[in-house]
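Observations on chain architecture
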Amino acid sequence: MGATIIDGRAIAARLRARVAERVSALPYKPGLAVVLVGEDPASAIYVRNKDRAATQTGISAQTIRLGPNTPEADLLREVARLNADPAVDAILVQLPLPGQIRARTILEAIDPAKDVDGFHPLNVGRLADGLPTVAPCTPRGVMKLLGACGIDPAGKRALVVGRSAIVGKPTGALLLAADATVTIAHSHTRDLPAECQRAEILIAAVGRAGLIRGDWLSPGVAVIDVGINRLPDGRLAGDVDFDGAAKVAGWITPVPGGVGPMTIACLLENTVDLAEQRRGRSRSL
Ligand code: GUN
């Protein structure tokens, strides 16, 4: 029996429609500022997609493009300007940043109340503590995909492969908050196939095409593949060997069309959450 393919595009479209409804009920337009430094082609595509999706949802989106040699002090000044702008509810500085800029320094300069990525240490700490906060967009999207499939993490063995600050660690925190038994595997993990074999929920976020093989998995596992890897022939592939895994898993996300659209939909939702919080029509995050 084959796995159910999780249609991230359809689930994201429904979420975006719900966010658009929330926006249309507000007496103001939530404001999102996206900052892109340099000319990384993948980042340029992501930023364009974010700006377009926000505008389509009724959010007032602006993209600030800075040159690849921008000094750190100039970016800090831009962040300070956006922090002080009352029309801006949400700030996103696209990563990675050029080598002359310390990402940590920039992320710590963003007003935590406008931190739409949830990357400021205050918000990272709140998430680790299980307190209400903006959750990073991709991990939030992962949890929503599980929810849309009726998969409750409570009591289940969840394996997160990858320990990045953007995906692996916050996804582990959200799964823990949802009462899963969480393991985080990484490059030093001794026996990755054995860890995969135990998993009932598997989140792959390492950035290595086809690393996780179908014959490592247990029947019925829910596989969420966050990896987006460009193959030599130009096609995109996830971190999981899709064809092999789809024969064994209960659910699996495709790449593309799985997690990617959810990241953008959750960015829009985070923007509206922050706008409502800042402007007083608060709903519990
Ligand atoms: N680069 C890749 N993913 C992300 C993300 O979720 N947020 C930001 N700011 N940069 C990224």
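Along every chain, residues carry numbers that run from 1 in the direction the sequence is written. The model is predicted, so local features are restricted to residues of pLDDT at least 70 and side-chain atom pairs to those at 80 or more, both for listing and for counting; the totals for chains, interfaces and linings are taken over all residues. Note that the side-chain values use all heavy atoms of the structure and ignore hydrogens as well as water.

Moving on to the nonpolar core. Here the nonpolar core consists of buried residues drawn from Ala, Val, Leu, Ile, Met, Phe, Trp, Tyr and Cys, with membership extended through side-chain atoms lying within 4.5 Å. A simple rule labels every residue: compare its accessible area, found with a 1.4 Å probe on the protein chains alone, to the largest value its type can have, and call it buried under 20%, exposed over 50%, or partly exposed in between. Leu32, Leu146, Leu175, Ile203 and Ile224 are the most contacted members of the largest nonpolar core, which totals 51 residues. Top contributing element to this core by residue count: helix H10 (residues 259–278), with 10 residues. Throughout, a contact is declared for two residues whenever any of their heavy atoms are within 4.5 Å. Excluding residues within four positions of it along the chain, Leu146 makes contact with Ile151, Pro153, Leu175, Ile201, Ala222 and Ile224. Core analysis: the second largest hydrophobic core is formed by 20 residues, Cys196, Ala204, Leu211 and Leu217 among them. What counts as a helix is a DSSP run of H or I of at least four residues, what counts as a strand is a run of E of at least two, and both are numbered from the N terminus.

This paragraph deals with helix H2 (residues 41–56). Here, expected helix span is obtained from the residue count minus one, scaled by 1.5 Å. The end-to-end C-alpha distance of H2 is 23 Å, a good match for the 22 Å that 16 residues give at a rise of 1.5 Å each. Every buried residue of H2 is listed here: Ser43, Val47, Lys50, Asp51, Ala53 and Ala54. Seen from one end, H2 has its buried residues packed into an arc of 170°, which puts them on one side. Exposed positions of H2 whose direction lies more than 90 degrees from the buried face are Pro41 and Gln56. Packing partners of the buried residues in H2 comprise helix H1 (8–24), strand S2 (31–37), strand S3 (60–66), strand S4 (90–93) and H10. Phi for Gly58, located one or two positions after H2, is positive at around 95°. The directions from the helix axis to the C-beta atoms are what the arc is built from.

Let us look at the pattern of salt bridges. The term salt bridge refers to a pairing of a side-chain nitrogen on Lys or Arg with a carboxyl oxygen on Asp or Glu at a separation within 4 Å. Scanning the model with the defined rule gives 13 salt bridges in all. The closest approach of N and O atoms between Arg213 and Asp215, which form a salt bridge, is 2.9 Å. We classify Asp215 as exposed; its relative accessible area is 54%. Here Arg235 and Asp233 are joined by a salt bridge, their closest N and O atoms 2.9 Å apart.

This next bit is on the site of the ligand. As a matter of local geometry, the ligand sits amid Leu92, Val93, Gln94, Leu95, Asp117 and Phe119. Leu95 has a polar backbone atom sitting 2.9 Å from a nitrogen atom of the ligand. Definition of a polar contact: a pair of N or O atoms within 3.5 Å, with one able to donate and the other able to accept a hydrogen when the atoms are protein atoms, and with sequence-neighbouring residues admitted only if both atoms are side-chain atoms. Asp117 places a polar side-chain atom, nitrogen or oxygen, 2.6 Å from a nitrogen atom of the ligand. Per-residue and other accessible areas were derived by the Shrake-Rupley procedure at a 1.4 Å probe size, with only the shown protein chains allowed to occlude residues. Relative to its unbound accessible surface of 280 Å², the ligand loses 84% to contact with the protein. Mapping the ligand onto the cavity grids shows that it belongs to the largest pocket. Residue composition of the shell around the ligand, grouped by class: 4 nonpolar, 1 polar and 1 charged. For each residue, the test is whether any non-hydrogen atom lies within 4 Å of the molecule or strand; if one does, the residue is near. Cavity means a closed set of points on a 1 Å grid over the protein atoms alone, one where a 1.4 Å probe fits but cannot get out, pocket means an open set with protein on both sides within 12 Å along at least 5 of 7 lines, and lining means a residue has an atom within 4 Å of a point. Cavity and pocket membership follows a simple rule, namely that a molecule belongs there if more than half of its atoms are within 2 Å of the grid points. Each residue is assigned to one of three groups, with Ala, Val, Leu, Ile, Met, Phe, Trp, Tyr, Cys and Pro labelled nonpolar, Asp, Glu, Lys and Arg labelled charged, and all others, Gly among them, labelled polar.

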